[in-house]
Amino acid sequence: LASDCRPCPNFTTTLQVGSDQCKPLSPCHGNNCHGHGTCAVEQHLTARCTCRFGYLPYDDCQIPFIPLFIVLSLGLLASLIVYGVYRYRLHKKQMHGKETELQNKHKELRVHQKKLDQINVGARIQWDHLTIKHQLATGTFSKVWLAELSDMLVAVKVLPPYTGRNTHTDEFIQEAEVLRSIRHPNIVMFLGAGQDGNTKSPFLVM
């Protein structure tokens, strides 16, 4: 009824005849765009801000884009620097570990070679002077081959190449020393020792 109608507050109106709900005349009032853009009214009386350069429309031109971009860029750059330092230290640590391992290997090889040099028993026999025929037997830590040395058939006991895992060098040297000191008709005669120039495998000739 007309007597039930009442006026809308200032800057508001009804959107259609017979409506009892008051709406703002324009959504662009007050500080819509926070002073950093222009407010425009779209359909259904919705406001849309057109922000000046450097501001984002998603927050009604409140947060400046350039400082935000700078902050995010600096954060990303700092993260990349931290990650780079971490990778560098990790790589340096790994290289140091490999260098230490390599030094230990070289040290073990020097000790191994020094032990092999102690086999100064009998005659030094060059591997090239041997003509290998075929394998005779396989022991716990060595193989025995039939070979020919200066038109004479001999047995050649060969220790596997040193890999840092086989620890039979001391036993090999002790065996050579024992064979050198023993002379008996029922024991094979020790002729000498040497080392394969290619595989570095020590061998005894009997």
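All values derive from a computational prediction rather than experimental measurement.

Secondary structure summary: the protein chain contains two helices and 10 strands in total. Ordered by position from N to C terminus, the α and β elements of the protein chain give β-β-β-β-α-β-β-β-β-α-β-β. Partitioning the intrachain contacts of the protein chain with sequence separation of at least 6 by distance along the chain shows that 40% fall at a separation of at least 24. Total accessible area on the protein chain is roughly 15500 Å²; 58% of this is exposed by carbon and sulfur atoms.

Time to look at the side chain of Asp-196. Within the fold, Asp-196 resides in the loop between strand E9 (192-195) and strand E10 (202-205). Residue class for Asp-196 comes out buried when judged on its relative accessible area of 9%.

Side chains of Phe-53, Phe-65, Ile-66, Phe-69, Ile-70, Leu-74, Leu-77, Ile-81 and Val-85 sit close together on the surface and give an oily, nonpolar patch of about 910 Å² of accessible area. Along the polypeptide, Ile-70 turns up in helix H1 (residues 65-117). A relative accessible area of 43% places Ile-70 in the partly exposed class.

Although it is not a glycine, Ser-150 adopts a positive phi angle of roughly 55°. On the basis of relative accessibility, which here comes to 65%, the residue Ser-150 falls in the exposed class. Even without glycine at this site, Asp-151 takes up a positive phi of about 65°. Taking the relative accessible area as the measure of exposure, Asp-151 reaches 73% and is therefore exposed.

What follows concerns helix H2 (residues 169-181). In an α-helix, one full turn covers 3.6 residues, which means residues spaced three or four apart are oriented alike. Taking 1.5 Å per residue, 13 residues should reach 18 Å; H2 reaches 19 Å between its end C-alpha atoms and fits that length. When H2 is considered as a whole, its buried residues turn out to be Thr-169, Phe-172, Ile-173, Ala-176 and Leu-179. The arc that holds the buried residues of H2, viewed along the axis, is 125°, so those residues lie on one side. Residues of H2 that are exposed and point more than 90 degrees away from the buried face comprise Gln-174 and Ser-181.

Pairing between side chains of opposite charge can happen when their charged atoms approach one another. Evaluation of the coordinates by the stated rule reveals one salt bridge. The closest approach of N and O atoms between Glu-148 and Lys-133, which form a salt bridge, is 3.2 Å. Taken as a pair, Glu-148 in strand E7 (residues 143-149) and Lys-133 in strand E6 (residues 130-138) lie far apart in primary sequence, 15 residues in all.

A few words now on the side chain of Ser-142. Structurally, Ser-142 can be placed in the loop between E6 and E7. Setting aside its immediate chain neighbours within four residues, Ser-142 contacts Lys-157, Val-158, Leu-159 and Pro-160.

Attention now goes to the environment of Cys-49. For Cys-49, the location among the structural elements is in strand E4 (residues 47-51). As for Cys-49 and Cys-28, which are separated by 21 residues in sequence, their C-alpha atoms are 8.9 Å apart.

The next subject is the pairing of E6. Two strands pair when backbone bridges link them, and E6 and E7 are joined in this way by seven bridges, in the antiparallel orientation. Considered in E7, the bridge of Ile-132 is made with Ala-147. Taking the residues that link successive antiparallel strands as the turn, the E6-E7 hairpin has four residues.

What follows is about the packing of aromatic side chains. Applying the stated criterion across every chain yields a total of one aromatic pair. Between Trp-127 and Phe-203 the ring centres are 5.1 Å apart and the planes differ by 65°, which places this aromatic pair in the edge-to-face class. With Trp-127 in the loop between strand E5 (123-124) and E6 and Phe-203 in strand E10, this residue pair connects regions lying 76 residues apart in the sequence. What makes Trp-127 partly exposed here is its relative accessible area of 22%. Assessed through its relative accessible area of 0%, Phe-203 is described here as buried.

About the cut-offs
Residues numbered from 1 in each chain as written. Predicted model: local features only at pLDDT ≥ 70, side-chain atom pairs only at ≥ 80, totals over all residues. Heavy atoms only, no water. Helix = DSSP H or I, 4+ residues; strand = E, 2+ residues; numbered from the N terminus. Contact = heavy atoms within 4.5 Å. Areas by Shrake-Rupley, 256 points an atom, 1.4 Å probe, with all protein chains shown as cover. Buried < 20%, exposed > 50% of the residue type's maximum accessible area, 1.4 Å probe, protein only. Patch = residues over 30% accessible without salt bridge, like charges linked within 9 Å, V, L, I, M, F, W, Y side chains within 5 Å. Salt bridge = Lys/Arg side-chain N within 4 Å of Asp/Glu carboxyl O. Expected span 1.5 Å × (residues − 1). Arc of directions from axis to C-beta. Pairing = 2+ DSSP bridges. Phe/Tyr/Trp six-rings, centres within 6.5 Å; stacked < 30°, edge-to-face > 60°.

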